[in-house]
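Each chain, letter by letter, is given below.
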Amino acid sequence: MVINEEMKGIIENSAFLTIVTMCPDGMPHPIIVGKGAVEGDNIMVGVYAMKVTQENLKKNDCAMLLAAQKFDGGAKGCRFTGNAKVADGKFVFTATKAEALI
């Protein structure tokens, strides 16, 4: 498992997550989304628009996801690298690598 319990808590308690996909011209395309749910190494969020993100994933399914949580006494954050797709109205990100940021 790439996503441990502490990381799962950060993801599920973050008000917003950042998703980054790659545009065909090589530029990153970051977006902010709402709450995410974690099942194993998969992080799911609902799809609202995400037109550019969906087009990018058709050409290149590589993606990154960032989560951060502020709490009394500090903050914690994680960066995940992996692959993503949109299926059944959900953005599904599968983490293959995880790094603590804060």
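Before any of the text, the structure's been laid out above.
Residues numbered from 1 in each chain as written. Predicted model: local features only at pLDDT ≥ 70, side-chain atom pairs only at ≥ 80, totals over all residues. Heavy atoms only, no water.

Asker: Can you lay out the pairing of strand S7 (residues 90-100) for me, pointing to particular residues and giving the numbers?
Answerer: Inspection of the sheet shows strand S4 (residues 42-46) paired to S7 by five bridges, in the antiparallel sense. Within S7, the position partnered with Asn42 by the bridge is Thr94. Relative to S7, strand S6 (residues 74-87) runs antiparallel, the two sharing ten bridges. Note that in S7 the partner of Gly82 across the bridge is Ala95. Count of turn residues in the S6/S7 antiparallel hairpin: two residues, of which Asp88 carries a positive phi of about 55 degrees. (Pairing = 2+ DSSP bridges. Helix = DSSP H or I, 4+ residues; strand = E, 2+ residues; numbered from the N terminus.)

Asker: Help me get a handle on the side chain of Asp41, residues and values and all.
Answerer: Assignment of secondary structure puts Asp41 in the loop between strand S3 (37-39) and S4. Put simply, Asp41 is tucked away with no salt bridge, and the nearest opposite charge, on Lys8, sits 10 Å away. Within the structure, Asp41 has its side chain in polar contact with the backbone nitrogen of Ile3 (distance 2.8 Å). Sequence-distant contacts of Asp41, defined by excluding residues within four places in its chain, comprise Met1, Val2, Ile3, Phe93, Thr94 and Ala95. (Buried < 20%, exposed > 50% of the residue type's maximum accessible area, 1.4 Å probe, protein only. Lys, Arg positive; Asp, Glu negative; His and termini not counted. Salt bridge = Lys/Arg side-chain N within 4 Å of Asp/Glu carboxyl O. Polar contact = N/O pair within 3.5 Å; in protein donor to acceptor, adjacent residues only side chain to side chain. Contact = heavy atoms within 4.5 Å.)

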